[in-house]
Protein chains: 2
Amino acid sequence: MSKVMIHATVSVDGFMADPDGGMDWMSGFPVAPEDEQIVERICSDIGAIVGGANKTQTIEDGEIPYGGFLKVPVYLMTHREHEVVEHDGTRFSFVVDDIEEAVRRAQHDAGEKWVSLLGGRVARQCLALGLVDELRLHVVPVVLGEGIPLFAGLERQLRLERLATSAFAGEVHLRYRVLRDVPAPGE
Amino acid sequence: MSKVMIHATVSVDGFMADPDGGMDWMSGFPVAPEDEQIVERICSDIGAIVGGANKTQTIEDGEIPYGGFLKVPVYLMTHREHEVVEHDGTRFSFVVDDIEEAVRRAQHDAGEKWVSLLGGRVARQCLALGLVDELRLHVVPVVLGEGIPLFAGLERQLRLERLATSAFAGEVHLRYRVLRDVPAPGE
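Notes on the structure in this doc start here.

The rules we used
Residues numbered from 1 in each chain as written. Chains lettered and ligands numbered in written order. Predicted model: local features only at pLDDT ≥ 70, side-chain atom pairs only at ≥ 80, totals over all residues. Heavy atoms only, no water. Disulfide = S-S within 2.5 Å. Buried < 20%, exposed > 50% of the residue type's maximum accessible area, 1.4 Å probe, protein only. Contact = heavy atoms within 4.5 Å. Buried area = accessible area lost by both parts, 1.4 Å probe. Salt bridge = Lys/Arg side-chain N within 4 Å of Asp/Glu carboxyl O. Polar contact = N/O pair within 3.5 Å; in protein donor to acceptor, adjacent residues only side chain to side chain. Helix = DSSP H or I, 4+ residues; strand = E, 2+ residues; numbered from the N terminus. Pairing = 2+ DSSP bridges. Axes fitted to C-alpha atoms, helices over the stretch in contact; angles between N-to-C directions.

Regarding the state of the cysteines
In protein structure, a disulfide is the covalent linkage between the sulfur atoms of two cysteines.
Residues and elements named next belong to chain B.
Working step 1: Counted according to the given criterion, the structure contains zero disulfides over all chains.
Working step 2: Cys 126 supplies the cysteine sulfur nearest to Cys 43, a cysteine that is in no disulfide, at a spacing of 18 Å.
Working step 3: On the basis of relative accessibility, which here comes to 4%, the residue Cys 43 falls in the buried class.
Working step 4: Assessed through its relative accessible area of 0%, Cys 126 is described here as buried.

Pasting the structure below:
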């Protein structure tokens, strides 16, 4: 069955965005061709996407997952019914509150490929439910000090197995398996 | 002149300790001989240490920086005068509130070697004052979700230059230069 990854770009101190949701800090550092190849390789493995509800307002504005260049089904969490949207060759389906249903449908669509979870809330909900197989993180050479954390509010420790680490210019690319059967100390 | 590093072990999400100050999560993952060599190499470059005030109570209990195996002068920040303590071959000096004085004295002692800053508060104060040359981080394969962050409350973004990245077993070792002359976007 399709596996599930959390795919995110973060600061060295683990934030996805600055306190205002800004992401300007994600640019302005050296990038190597190998950095782009790593992202391309991850993206070519993705067969469906599950994203947060806040993106439902912005499809028409072009603010869509992966800038819209990944032509795979997208499931967006929402709080009320919304019709399917076809936009620029991509199908956006809306799932009311039930994250497990969203992941299940995305996994069905993805087939042998991966489901990519975007956004902190979706990521944390899926981690809490034990639905996540791997983390793929791109660590940008910036310390933000404060901001919107990827993992805050997990309410449990998560043990990982490091699968791969690489770095070519400014970024560090981290791949971890989520260990489900190894309880964190104190549990 | 002696350079200054922040040397810390952190979780993937940037915490130094769990919410209760606990560090149990720092063990229980695979370690390779190369991991220990990296720590030994960093430690052999350290000529003096500046640490937080909370350690002043615990010298006699043996809870001392680097477990006491680094026989270099230690400066501990405190809020009231305290005599120098000689303990197990190490000299502990206490500096009342003035972090710049502590770093200056540590740099004098360190000579050609590095000053290591331990603890979040000391690290953040020195970052804010522009006293830090490098970060040396050991990233443990654990997501804590919540805890005591290394960098929280910095009140500014910090641009870094990645100098080295390595990984052999569970940990990822990161070395960054702190860029002082490159303003973060929006500044």
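Re the interface of chain B and chain A
Working step 1: The interface of chain B with chain A comprises 37 residues on the first partner and 36 residues on the second.
Working step 2: Of the roughly 2,700 Å² buried between chain B and chain A on both sides combined, carbon and sulfur atoms contribute 59%.
Working step 3: By the criterion of area lost to chain A, the three top residues of chain B are Val 143, Arg 159 and Arg 162 of chain B, representing 23% of everything that side buries.
Working step 4: At the boundary of chain B with chain A, the tally comes to zero salt bridges.
Working step 5: Linking chain B with chain A are 12 residue pairs in polar contact (both at pLDDT 80 or more).
Working step 6: Of all the secondary structure elements, the ones that give two or more residues to the side of chain B that touches chain A are β8 (134–140), β9 (142–143), β11 (158–167) and β12 (172–178) of chain B.
Working step 7: Of all the elements, β11 of chain B adds the most residues to the side of chain B that touches chain A, at six residues.

Considerations on the sheet that holds strand β11 (residues 158–167) of chain A
Working step 1: One open sheet accounts for 10 strands, arranged β5(A)-β6(A)-β4(A)-β3(A)-β7(A)-β1(A)-β8(A)-β12(A)-β11(A)-β9(B); its pairing is mixed. Of all strands in the sheet, those with a lone pairing partner are β5 (85–87) of chain A together with β9 of chain B, marking the two edges.
Working step 2: As paired strands, strand β3 (residues 46–51) of chain A and strand β4 (residues 74–78) of chain A are joined by three bridges and run parallel to one another. Bridge pairing in β4 of chain A links Gly 51 of chain A to Leu 76 of chain A.
Working step 3: With respect to the sheet, helix α2 (residues 99–110) of chain A is in contact with β1 (4–11), β3, β4, β6 (90–96) and β7 (114–117) of chain A, its orientation differing from that of β3 of chain A by roughly 165 degrees.

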